[in-house]
Amino acid sequence: MNLFTSVNDVSDVAELVNEALAIKANPYADQSLGKNKTLGLIFLNPSLRTRLSTQKAALNLGMNVMVMNMDKEGWALETRDGVVMNGTTVEHIREAAAVIGEYCDVLGIRSFPGLKDREEDYSEDIFNKFIKYSGIPVVSLESATRHPLQSFADLITIQEHKKVTRPKVVLSWAPHIKPLPQAVPNSFAEWMCRAQAEGLLDFVITHPEGYELAEEFTSGARITYDQDEALKNADFVYVKNWSSYQDYGKILTSGDGWMLDLERLKVTNEAKVMHCLPVRRDLELSSEILDSKESLVIQEAGNRLWAAQTVLKNLLSST
Amino acid sequence: MNLFTSVNDVSDVAELVNEALAIKANPYADQSLGKNKTLGLIFLNPSLRTRLSTQKAALNLGMNVMVMNMDKEGWALETRDGVVMNGTTVEHIREAAAVIGEYCDVLGIRSFPGLKDREEDYSEDIFNKFIKYSGIPVVSLESATRHPLQSFADLITIQEHKKVTRPKVVLSWAPHIKPLPQAVPNSFAEWMCRAQAEGLLDFVITHPEGYELAEEFTSGARITYDQDEALKNADFVYVKNWSSYQDYGKILTSGDGWMLDLERLKVTNEAKVMHCLPVRRDLELSSEILDSKESLVIQEAGNRLWAAQTVLKNLLSST
Amino acid sequence: MNLFTSVNDVSDVAELVNEALAIKANPYADQSLGKNKTLGLIFLNPSLRTRLSTQKAALNLGMNVMVMNMDKEGWALETRDGVVMNGTTVEHIREAAAVIGEYCDVLGIRSFPGLKDREEDYSEDIFNKFIKYSGIPVVSLESATRHPLQSFADLITIQEHKKVTRPKVVLSWAPHIKPLPQAVPNSFAEWMCRAQAEGLLDFVITHPEGYELAEEFTSGARITYDQDEALKNADFVYVKNWSSYQDYGKILTSGDGWMLDLERLKVTNEAKVMHCLPVRRDLELSSEILDSKESLVIQEAGNRLWAAQTVLKNLLSST
């Protein structure tokens, strides 16, 4: 593996999950692998879980870590070619990425979408240019359209907590007051579709009309607007807001009735509830669920560490 | 020790000072203790001395350090329970603290008071919630009402420089143009009162009328409005501004005449002068003192390292 | 070496370059030298290349690194003596520097000029006070008037890529829309003048009238306003904008015709083109050169690492 930007960079997700669980059981076994290797972490947007878990994963592997908050510590990057740089951008991504590639062995990047121009966001222009010009292995710390380390951690969590061989996993849209990216649900959907194809689980998506995700991420998933029907016999409910893909970046409904509480969960198979965090309590998900034993949100966040460590180990092995 | 938020977490301050002096004499003896352990440092307010000294202390112990400037790199945390999070707060402290607890073995937190609502500040709500929800040992890097690492470093400094068995230590209020927290004088007072009870020194507090600290911190101290009388035969003078506790957060006087200079020190027993820094020269304390051999301010700052290392060593031993 | 702020701190630049090339060939040979040593990096201005390369250099030497972004994580420092600090400055540089000296073994500082008051900028007041009051070895990460790590990296790059024994090196002024410091050209000039004196190369400076650098940096250089004449048979062309030293901090001309492209390079001896980065494409330097094999800008940035590691190794040897 010399790139980790989507599930398409993984040949066998079940095997990758098993590797993660082995690392979790024995976290410090590979410290010679990272000796004198440097992980660069570039944040074009803020991060808490992602930075800490990835930093810790690298330290567990014996790596050095250098963090760059480009918005606070750096300057505006030019990403277009063929423009005279006499405006506000100070450095071209061609130089910035190549220079970082000189100092680092592996690069992690976080970059959010603007949610204004769908074609631009879904082209993953900034991301692809960092990959192209840095010349080193790149791991996505969330891009405009995907958050694969989160989805990998989610799958690890499902595998750890499943009580049946082939659990029913439901991605359930939730209300929010701000338009959020589709990156987490896109990624979760494509990882669950792959896991379904590998026979690990059954996957259902439920959301209000107009919140259909792009088809490239949902191939094989059952999709329904009827949340109650979707929840029936669910083993895991993954709660997440996203803005519309079709009417791009828009909030189409306040989502009254879509927030889960313990009452709504009664139709499930004692389902565990998941969320990638940060979560707005009693807007996206009820406090009573978050404070109950049904919630797996902290365990998911904990597994971000092992997801990152597994990916970094694979990337290091390729350098 | 699995918590360090006040002198009440210490059973014997003289012993702790001796432990610090032993560490100072041999700083790298415990590097196996911190191997593969991670210290998380959360700053809700800026820091220079505290971050550097605590980071260095952790490195001396072989630990990894991850710094989070929540104001710059993170987002607004919700601390109240039972509110629908449809406003400006992005994540609840319940989740934020628990997640950090997944990645770190010991947590350091800095959080300042608002100086508007005394009850709120003195409840140490944010601090106590981080302790409760992170589930790991916590060290205070200064809270709304206390700064115990500073006071511990101050006591180390006094023990190193004392010329008599039981020196007279005076906490002397100083002028300032901004209302400052009571955290440093509160903590200094309760550490000195404890040291007095253990027979290590005699403790006097002097300030203008209206600047009385809360009684819980000053039990056993002699308190006087007469600065000259307080200074008589003093061996150490600890200079610090604070705002009023009674008329909460207010500046009651410009403090004309309260700033020390070498002339004023003549009544002392060749007293050494201390300040926690940062100090505003010629407002809080005269340049002539700061630039003289009477000043211990740099030595105090240096001892912050050994105070932090001693506390971290004790917290690590409990993990 | 216990200070690195200009070429004047170096006794033999050819020897220092050879030392750098030996370190580049064997980067991890000196890790015991930096064990339990801490490098403090103070940024009064933002940095990307400098922070990453210096941090990596320190890690290669086994050092710990603590970064302080004073503008974001700290507070305003007072640098004047004899003022009552009742304004916006929170701490005096006398205390700030001395405290940092308590926690660090080597100190790196970046500070830019204001470009308003030439005498003030060229006095290097902030820089000199950090040196004086920190009491530890200091390395310049770019000061108001010099950027010696950059120039050292440039000389390494020239030595690596030269095809003749004594190449012709040309410093060629370039257009820009903002007034930039003279630090990079000053430093480049004094390093090249020294290298010329040591017989390593021939050095020519070309710029529009009014852009003369201060004479203390250009002793021995040939200076001409005729760019085409300067470029003739050049082996290396170092492109850089700077604002006027004489009419201090001013932009005197838009610089039409001064930007290089491949056509203009035809009179050279297949010259390699250099720039310290960040570079504004098609304003300072044409994209066609930057994307061609003639460009050495990425290699220069890469060599920043070895320049920093060589200097840190020398500074460590003196602690």
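No experiment lies behind these values; they were computed from the predicted model shown.

Draft legend 1. Geometry of the relation of the copies chain C and chain A. Of the transformation superimposing chain C on chain A, the axial component is 0.0 Å and the angular component is 120°, with the fit at an RMSD of 0.0 Å. The symmetry that links the two subunits is that of a three-fold axis. Every residue of chain C has its C-alpha some distance from the rotation axis, and the shortest such distance is that of K72 of chain C, at 4.6 Å. An asymmetric contact is evident, with only 3% of the interface residues of chain C recurring at the interface of chain A.

Draft legend 2. Just the relation of the copies chain C and chain B, in detail. It takes a turn of 120° to lay chain C on chain B, together with a shift of 0.0 Å along the axis; the resulting RMSD is 0.0 Å. Different-surface contact between copies: only 3% of interface residues of chain C are shared with the interface of chain B.

Draft legend 3. Representation of the sheet that holds strand β7 (residues 138-140) of chain C within the structure. All names here are of chain C. If you walk across this open sheet you meet the five strands as β1-β7-β6-β2-β3, and the pairing is parallel. Looking at the sheet topology across the chains shown, the edges are occupied by β1 (3-4) and β3 (64-69). In this structure, strand β2 (residues 38-43) lies alongside strand β6 (residues 106-110), joined through five bridges in parallel fashion. Bridged to I42 within β6 is I109. The strands that helix α2 (residues 49-60) touches are β2, β3 and β6; relative to β2, the one it contacts most, it runs at about 175°.

Draft legend 4. Representation of the pattern of salt bridges within the structure. Enumeration over the complete set of coordinates arrives at 60 salt bridges over all chains. The residue E190 of chain A makes a salt bridge to R146 of chain A at a minimum N-O spacing of 2.6 Å. Of this pair, E190 of chain A sits in helix α8 (residues 183-197) while R146 of chain A sits in the loop between β7 (138-140) and α7 (148-161), placing them 44 residues apart in sequence. Between K313 of chain B and D30 of chain B there is a salt bridge; the shortest N-O distance is 3.5 Å. Here K313 of chain B is found in helix α11 (residues 297-317), whereas its partner D30 of chain B is found in the loop between α1 (13-25) and β2 (38-43), with 283 residues between them in sequence.

Draft legend 5. Seen up close, the interface of chain C and chain A. Listed per partner, the contact involves 29 residues of chain C and 31 residues of chain A. On the surface where chain C and chain A come into contact, there are four salt bridges. Those elements that place two or more of their residues in the side of chain C that touches chain A are α2 and α11 (297-317) of chain C. When residues in the side of chain C that touches chain A are grouped by element, the largest group, seven residues, is from α2 of chain C. A breakdown of the residues in the side of chain C that touches chain A according to their chemical character gives 14 nonpolar, six polar and nine charged.

Basis of the calculations
Residues numbered from 1 in each chain as written. Chains lettered and ligands numbered in written order. Predicted model: local features only at pLDDT ≥ 70, side-chain atom pairs only at ≥ 80, totals over all residues. Heavy atoms only, no water. Least-squares fit on C-alpha atoms with pLDDT ≥ 70 in both. Contact = heavy atoms within 4.5 Å. Pairing = 2+ DSSP bridges. Helix = DSSP H or I, 4+ residues; strand = E, 2+ residues; numbered from the N terminus. Axes fitted to C-alpha atoms, helices over the stretch in contact; angles between N-to-C directions. Salt bridge = Lys/Arg side-chain N within 4 Å of Asp/Glu carboxyl O. Nonpolar A, V, L, I, M, F, W, Y, C, P; charged D, E, K, R; others polar.

That is the geometry; function is a separate question.
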